[in-house]
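Results of the structural survey
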Amino acid sequence: DLLVPAECCIVSSVSNAACDAYLLSESSLFVFDTKIVLKTCGRTRILDAVPGIVSLAQESPSVGGLKLVRAKYSRSAFKCPEQQPAPYTHFALEVEALDELFGHLEGGGHAYVLGDQLNKSLWHIYTAGRSPPNSNPSASSCSHLKKSGGTMTLEICMTGLDAKYCEHFSTCGERSTASNEGLRIRSGIAKLIGAQDAVDDYVFDPCGYSMNSVKANSLVTIHITPEENCSYASVEFCGVPLPAEDEAGEKSDPDPDVEVVQPWGELSNVVKSVADLFKPESLYVAATCEGGGSGNVSGAVWEILPRDATTFKKMFSAEQALACYGGTCGFHAFSSSCKEGKAKKAAAAAAEFVPTILEDEPAPSPLDVEQVQQTMKLLI
């Protein structure tokens, strides 16, 4: 019932000691003891679910009456904002709605837009509330979080996916838990996420794929729209423990009592691993650091990808300190070097092609936004 206002529903779920993870008809929901992460896509109304969730957390005897202290909302640019329901047609309208929900929190609300306005390669962020007492929200610590280990969330969004790779994510008869495990192995997802406490995934009919996995307090979620004309994928690693730095600025290992989710060694290498799997035409990375001790991990993402300059071109990089809320967000954009070649070939083919239009030929229908997973994320 809590998700009905957002116009999505629960498909399946898995749990570990720290988190209940739900696959939704339109993305994912993760419920921790004192935190909720809700991701939706398409034309859903994510903010409409907030009052019910907050009310339940405050009033339910089973959770002991929690108090809302912080909230964060983020999304990339919509492909067709005019087809979104209000207030999602424009970020300024979303900010008004968000302020009505969260503006009363200590420190008030803050809104940011990172990226390239002309090319609509943008990352939108709204935060409200203050950072926990044990973290330092100052601008200097946001740029180079130090001292105690913090956490990072990597959100990787991709368009123009490799068509051959996308063939993994269409239905060929009924799938079972065993066949889904085989799919994860064949597609490389199992290797990407490594050992997890629990994994839950679903292949939609006729195509599409969603996956949640949890390990200790960390999570990984993947959502893929494989249609060739609008292929899109999002891969998120959330709550990844970061190494601390001592007084001399030397990195130390993460807290030994905290399990580290990543199996890939250097944290930012995961971006290259994801790019190698999906081979997208465009790739965007939002790297958000919270707490302390990251060094400039967000900047490290920019430096490490691409290792091979013939594969991807760096388009732009932007970094924003998150006032009051604490932490920093870096937004980085990359474009496949093959993209220009494809565009030139398509233009040449179009110039040579003279179409024959029949009088009774139906006009092409507008793009259905629901086919494109433009993810909105809410953390409260």
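Residues numbered from 1 in each chain as written. Predicted model: local features only at pLDDT ≥ 70, side-chain atom pairs only at ≥ 80, totals over all residues. Heavy atoms only, no water.

Focus on the nonpolar core
Formed by 35 residues in total, the largest nonpolar core has its most connected members in Met158, Ile222, Val235, Phe237, Val274, Phe278 and Leu283. Residue assignment for this core shows that the elements contributing at least two residues are strand E8 (151–159), helix H4 (163–166), helix H6 (189–193), strand E10 (209–215), strand E11 (218–225), strand E12 (232–241), helix H7 (269–278) and strand E13 (282–290). The greatest single-element share of this core, amounting to six residues, is contributed by H7. Core analysis: the next-biggest nonpolar cluster, separate from the first, contains 28 residues, Leu29, Ile46, Ala71 and Ala128 among them. (Core = buried A, V, L, I, M, F, W, Y, C linked by side-chain atoms within 4.5 Å. Buried < 20%, exposed > 50% of the residue type's maximum accessible area, 1.4 Å probe, protein only. Helix = DSSP H or I, 4+ residues; strand = E, 2+ residues; numbered from the N terminus.)

Remarks on the pattern of salt bridges
On inspection of all chains with the given rule, the structure shows nine salt bridges. Put simply, Lys164 and Glu167 hold a salt bridge, and the shortest N to O gap is 3.5 Å. Sharing partners across several salt bridges, the network here consists of Arg70, Lys72 and Glu290. (Salt bridge = Lys/Arg side-chain N within 4 Å of Asp/Glu carboxyl O.)

Focus on the confidence of the model for the chain
Summary statistics for the chain give a mean pLDDT of 78 and a share of 70% for residues scoring 70 or more. Averaged over each element, pLDDT in the chain is lowest for helix H3 (residues 139–143) (35) and highest for helix H2 (residues 91–102) (97). Across residues 136–148 the pLDDT falls below 50, and counting only partners more than four positions away or on other chains, this stretch makes 33 contacts in the model. With pLDDT under 50 throughout, residues 257–265 is counted as low confidence; its partners more than four residues away or in other chains account for 25 contacts. (pLDDT = per-residue confidence, 0-100. Contact = heavy atoms within 4.5 Å.)

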